[in-house]
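Letter by letter, the chains look like this.
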Amino acid sequence: MKILVTGGLGFIGSHTVVELAKANFEIVIVDNLYNSKEDVLEKLEKITGKKFKLYKYDLCNKEKIEEIFKENQIDAVIHFAGYKAVGESVREPLMYYSNNLISTLNLLEVMKKYNVKKFVFSSSATVYGEPKTPKCTENMNRGETTNPYGTTKAMIEKILEDLYASDNSWNITLLRYFNPVGAHESGLIGEEPNGIPNNLMPYIMKVASGKLEKLNIFGNDYPTIDGTGVRDYIHVVDLAKGHVKAIQNAPDGLNIYNLGSGKGISVLELVTTFEKVNNVKVNYQIVDRRPGDIAENYADPSEALKELGWKTEKSIEDICRDAWNYENAEG
Ligand code: UD1
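Residues numbered from 1 in each chain as written. Predicted model: local features only at pLDDT ≥ 70, side-chain atom pairs only at ≥ 80, totals over all residues. Heavy atoms only, no water.

## Digging into the site of the ligand
1) Next: Near the ligand, the surroundings consist of 21 residues, among which Leu200, Asn216, Arg231, Arg290 and Asp293 are the closest.
2) Next: Separating a nitrogen atom of the ligand from a backbone N or O atom of Asn216 is a distance of 2.7 Å.
3) Next: About the coverage of the ligand: the protein hides 87% of its 740 Å² of free accessible area.
4) Next: Elements that contribute at least two residues to the shell around the ligand include exactly strand E8 (179-181) and strand E9 (215-218). (Near = heavy atom within 4 Å. Polar contact = N/O pair within 3.5 Å; in protein donor to acceptor, adjacent residues only side chain to side chain. Areas by Shrake-Rupley, 256 points an atom, 1.4 Å probe, with all protein chains shown as cover. Helix = DSSP H or I, 4+ residues; strand = E, 2+ residues; numbered from the N terminus.)

## Remarks on the nonpolar core
1) Next: In this structure, Ile3, Leu20, Ile27, Ile29, Leu44, Phe52 and Leu259 are the most contacted members of the largest nonpolar core, which totals 36 residues.
2) Next: Residue contacts for Phe52: discarding those within four places in its chain leaves Val17, Ala21, Ile27, Ile29, Leu41, Leu44 and Glu45.
3) Next: Counting residues in hydrophobic clusters, the runner-up holds 25 residues, among them Leu59, Ile65, Phe121 and Ile172. (Core = buried A, V, L, I, M, F, W, Y, C linked by side-chain atoms within 4.5 Å. Buried < 20%, exposed > 50% of the residue type's maximum accessible area, 1.4 Å probe, protein only. Contact = heavy atoms within 4.5 Å.)

## Looking at helix H8 (residues 236-249)
Think of an α-helix as turning once every 3.6 residues; residues three or four places apart then point the same way.
1) Next: Taking 1.5 Å per residue as the helical rise, H8 with its 14 residues ought to reach 20 Å, and the 20 Å between its terminal C-alpha atoms agrees with that figure.
2) Next: The buried fraction of H8 amounts to 10 of the 14 residues, a majority that puts the element mostly inside the structure.
3) Next: All of the buried residues along H8 are Val236, Val237, Asp238, Leu239, Ala240, Gly242, His243, Val244, Ala246 and Ile247. (Expected span 1.5 Å × (residues − 1).)

## Some points on the packing of helix H5 (residues 93-113) against helix H6 (residues 148-166)
1) Next: Interhelical geometry of H5 versus H6 gives an angle of 25 degrees and a closest axis separation of 9 Å. By the angle between their directions, the pair H5 and H6 is classed as roughly parallel. As H5 runs across H6, the sense of the crossing is right-handed. Facing H5, whose interface residues are Pro93, Tyr96, Tyr97, Asn100, Leu101, Thr104, Leu105 and Leu108, H6 presents Pro148, Tyr149, Thr151, Thr152, Met155, Ile156, Ile159, Leu160 and Leu163.
2) Next: Split by residue class, the contact of H5 with H6 holds 13 nonpolar, four polar and no charged. (Axes fitted to C-alpha atoms, helices over the stretch in contact; angles between N-to-C directions. Parallel < 35°, antiparallel > 145°, perpendicular 65-115°, else oblique. Left-handed = near helix turned anticlockwise from the far one by under 90°. Nonpolar A, V, L, I, M, F, W, Y, C, P; charged D, E, K, R; others polar.)

Encoded structure:
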């Protein structure tokens, strides 16, 4: 089976390419290098011992997508490509709506034309908004998203539901990721945010390595175990394996799965574990809450286990060790 991976050189896309290759899928990558580097391709080839066809195209150009489908007998698409920085999306909403929606619509239109109807979409737990209970199950309503990035995820989910309603021969899987972190154990691929990171784990790494002075912990007065925010951190390799299982095992129709560990970890717990596992200090200070943050959320991942046969295998210690290994290997 030949799979087109959009955004295949990005953080989650690259790890998924590795797992798909291990499972012997044929892979075609399309990536415009907006938020990724071309040398990731060589690293993927080094890890897997396989070669991959890369198209350096932008999905906002529909003719370029057609070229890919003309030249390759694509059977399924896993769609990662998109802008993903929450803060930037608030400053540049038009850029986010235009890029994330137009690229996805172009892709789906070309898929329809070429009668390729198996689609896996990179969605996010952000679509739950401020959930009524911290534990999120897929049948909960999509909530009020708090930023344009999150809204593009919710809008694309809705577009895909409408598409499926119009034609039941599509097989669509929406994967709602919780907080993807960690890196490949080889130290060759991982997350490389541009500039000062917004997310917790990349920020911890910059502080541990002395590139930033201290971590600001956003609030210690939440109704959680120690007052700091609680999230479900998932190792990116576990997440990547979830995509392979979705391609292999998703039943007919439109399916939605949470991909998370099912366990919430607080900011302080993560910092302490990181320090212990890696024997490094992470200086921090408590500051005000960050607007838009919720106290606590974590996945109910039982549907993914039941229907896909997937669950996380890596621990929070593995996450901390692999992330630090990548930070140091990057050099
Ligand atoms: C955010 C986005 C989510 C996106 C994810 C990427 C929202 C509501 N959530 O999730 O859509 O998919 O990033 O992984 O837009 N924290 C600190 N100090 C920091 C950074 C974070 O204390 O410097 C805390 C936050 O308050 C939060 C936790 O760490 O409690 C995790 O934050 P972060 O890594 O930014 O992820 P989310 O906000 O959960």
